[in-house]
Amino acid sequence: MWKMVLSDLRCGIKPGLKKSFKRFINFYCYLYLMLLAPVFLSLSGKYFLFYYAFIIPMVLAMLLFTMYGDGVNKALYLCPLSKQERKQYFLIMWKVRAGLPLLLALLFQGALCISGWISPLIAVLVILSILFSSVVLGMYSNMQEMSRVDKRLVYHGAWYAVVLILGLFSGIFLVAIVGDIEEPRFTGMEVTVGVILFVAHALTSLAALVKFSRPVMENFVCYEKVKTNPVQSQTKRFLL
């Protein structure tokens, strides 16, 4: 099953990137986060590194969300998979989409810790912030269509937007405004606000997982009842 999932991910890279950057809001968001935000935040020196060590894994989680979150691979309609195999496919896909940004975060924050540029505490907070976002975004799978047949998913869009926005604000505040809790860039309320944003992000992410993980998996296992539209796929087309 791992081989099948990885093959689907590999074959979905080109159509997924095309689909993601085709939407102006996605392109502008990536451009702002990667190039414009550091300028507006007046970042320099180590704070510049702190920012990119957070934002690169975060943007990867967002990119995987837009690339693979809209549909079910058409090959799954052609392959006679059992419900258990479909569940396994979903869980592996979820692990990969959540694990890649987390792996980058671990590498970047680990390097900064080893170099002595940041304290372990801020590194852990940043890693957890990326973990919360990537796990929730990685769970997204054709929920726009699923919500039409399952009322439990009706407000999924609002929940995902809140998790993403809190994740971005929490992480950017911690790395760009605070920098390091033990030696903050600014003193006063900045550290308190950063911690509050982090806790709010953690609680919202946990609530989204509790609310949506079961219905998403149940609908993925029975994906035939969800009406989808065909687009580029593993061997022929993907479904949006």
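On a predicted model such as this, the values are computed, not experimentally measured, just so you know. Numbering of residues begins from 1 in every chain and follows the order in which that chain's sequence is written. It should be noted that, the model being predicted, local features are given only for residues of pLDDT at least 70 and side-chain atom pairs only at 80 or more, the latter also being counted only at that level, while totals for whole chains, interfaces and linings use all residues. Water and hydrogen atoms were dropped before computing side-chain values, which therefore reflect all heavy atoms in the structure.

Colleague: Hey, could you run me through the overall build of the protein in this one?
Modeller: Counting its secondary structure elements, the protein contains 10 helices and zero strands. Expressed as a percentage of its 240 residues, the buried residues of the protein come to 49%. Expressed as a percentage of contacts within the protein between residues at least 6 apart in sequence, the contacts between residues at least 24 apart total 80%. Per-residue accessibility takes into account occlusion by the displayed protein chains alone, with areas from the Shrake-Rupley method and a 1.4 Å probe. When the accessible surface of the protein is totalled, it reaches about 12000 Å², and 69% of it is carbon and sulfur. Helix and strand definitions here come from DSSP, where helices need a minimum of 4 consecutive H or I residues and strands a minimum of 2 consecutive E residues; each element is numbered from the N-terminal end. Relative accessibility under 20% of the residue-type maximum defines a buried residue, over 50% an exposed one, and the middle range a partly exposed one, all with a 1.4 Å probe and only protein chains included. The contact rule is simple, with two residues in contact once any of their heavy atoms fall within 4.5 Å.

Colleague: Explain a nonpolar patch on the surface here, please?
Modeller: Each patch is assembled from residues with relative accessible area greater than 30% and no salt bridge, linking like charges that lie within 9 Å and nonpolar side chains (Val, Leu, Ile, Met, Phe, Trp, Tyr) that lie within 5 Å. One speaks of a salt bridge when a side-chain nitrogen belonging to Lys or Arg is within 4 Å of a carboxyl oxygen belonging to Asp or Glu. Among the surface-exposed residues, Phe21, Phe24, Phe27, Tyr28, Leu31, Tyr32, Leu35, Leu36, Val39 and Phe40 lie close enough to one another that they form a single nonpolar patch of about 1000 Å² accessible area. It is helix α3 (residues 24–40) that contributes the most residues to the nonpolar patch, nine residues altogether. Along the chain, phenylalanine 21 falls in helix α2 (residues 13–22).

Colleague: Please clarify how the packing of aromatic side chains should be interpreted in this entry.
Modeller: Centre-to-centre distance and the angle between the planes together describe a pair of aromatic rings. Here is the rule: rings of Phe, Tyr and Trp (six-membered ring for Trp) pair when centre to centre is within 6.5 Å. Planes less than 30 degrees apart are stacked, more than 60 are edge-to-face, and the remainder are tilted. According to the stated counting rule, one finds 10 aromatic pairs in the structure shown. A ring pair is formed by tyrosine 51 and tyrosine 52, whose centres lie 5.3 Å apart and whose planes are at 90 degrees; its orientation type is edge-to-face. Following the ring pairs from residue to residue traces out a cluster consisting of Phe65, Trp159, Tyr160 and Phe212.

Colleague: Is there a simple way to think about the packing of helix α4 (residues 46–68) against helix α6 (residues 83–115) in this case?
Modeller: As a rule, the C-alpha atoms of each element are fitted with a line to give its axis, helices using only the stretch in contact, and angles between N-to-C directions run from 0 to 180 degrees. The N-to-C vectors of α4 and α6 enclose an angle of 175 degrees; their axes lie 9 Å apart at closest approach. The pairing of α4 with α6 is recorded here as roughly antiparallel in orientation. Contact with α4, carried on its side by Phe50, Tyr52, Ala53, Phe54, Ile56, Pro57, Leu60, Ala61, Leu64, Phe65 and Tyr68, involves Arg97, Leu100, Pro101, Leu104, Ala105, Phe108, Gln109 and Leu112 of α6 and no other residues of that element. By the convention adopted, Pro, Cys, Tyr, Trp, Phe, Met, Ile, Leu, Val and Ala count as nonpolar, Lys, Arg, Asp and Glu as charged, and the other residues, Gly among them, as polar. By residue class, the composition of the contact of α4 with α6 is 17 nonpolar, one polar and one charged. The labels follow the angle: roughly parallel below 35 degrees, roughly antiparallel above 145, roughly perpendicular from 65 to 115, and oblique for the rest.

Colleague: Just checking my understanding: could you explain the environment of valine 124 for this structure?
Modeller: Checked against the element boundaries, valine 124 lands in helix α7 (residues 120–139). Residue classification places valine 124 among the partly exposed positions, given a relative accessible area of 43%.

Colleague: Whenever I open this one, α7 confuses me. Can you help?
Modeller: Side chains three or four residues apart in an α-helix point the same way, a direct result of the helix having 3.6 residues per turn. The end-to-end C-alpha distance of α7, which contains 20 residues, comes to 28 Å, matching closely the 28 Å that a straight helix rising 1.5 Å per residue would cover. Among the 20 residues of α7, 14 are classified as buried, and the element is accordingly described as predominantly covered. One less than the number of residues in a helix, times 1.5 Å, gives the span that helix is expected to have.

Colleague: What is the right way to look at the nonpolar core in this model?
Modeller: For soluble globular proteins, nonpolar side chains are generally found buried alongside one another. Core analysis: the biggest nonpolar cluster contains 57 residues, and Leu33, Tyr51, Phe54 and Ile55 have the highest contact counts within it. For this core, the secondary structure elements donating two or more residues are α1 (2–11), α3, α4, α6, α7, α9 (156–178) and α10 (189–221). Sort the elements by how many residues they give to this core and α4 lands first, with 15 residues. Every residue in contact with leucine 33, bar those within four places of it in the chain, is listed here: Pro38, Tyr51, Ile55, Val59, Met62, Leu168 and Ile172. In plain words, nonpolar cores are sets of buried Ala, Val, Leu, Ile, Met, Phe, Trp, Tyr and Cys residues tied together by side-chain atoms within 4.5 Å.

Colleague: Please explain α9 as it appears in this structure.
Modeller: Its 23 residues place the ends of α9 31 Å apart at the C-alpha level, agreeing with the 33 Å of an ideal helix rising 1.5 Å per residue. Taken from the residues just after α9, glycine 179 is the one with a positive phi, measuring 85 degrees.

Colleague: Please clarify how unusual backbone geometry should be interpreted in this entry.
Modeller: Comment: phi is negative for the bulk of residues other than glycine, and the bulk of peptide bonds are trans. Positive phi values are uncommon outside glycine, yet serine 42 reaches one of about 55 degrees. Counting through the fold element by element, serine 42 comes out in the loop between α3 and α4.

Colleague: Can you walk me through the side chain of histidine 201 in this structure?
Modeller: If you trace the backbone, histidine 201 turns up in helix α10. When sequence neighbours within four positions are dropped, the list of residues in contact with histidine 201 reads Ser129, Phe132, Ser133, Val163, Leu166, Gly167 and Ser170.

Colleague: Just checking my understanding: could you explain the packing of α4 against α9 for this structure?
Modeller: Packing of α4 against α9 leaves a shortest axis separation of 8 Å and a crossing angle of 165 degrees. For the element pair α4 / α9, the angle class is roughly antiparallel. The crossing of α4 and α9 is right-handed. On the side of α4, the interface is formed by Tyr47, Phe50, Tyr51, Phe54, Ile55, Met58, Met62 and Phe65, while α9 contributes Tyr160, Leu164, Gly167, Leu168, Gly171, Ile172, Val175, Ala176 and Val178. Classifying every residue of the contact of α4 with α9 by side-chain character gives 15 nonpolar, two polar and no charged. Crossings are assigned a handedness: left-handed for a near helix turned anticlockwise from the far helix by less than a right angle, right-handed for a clockwise turn.

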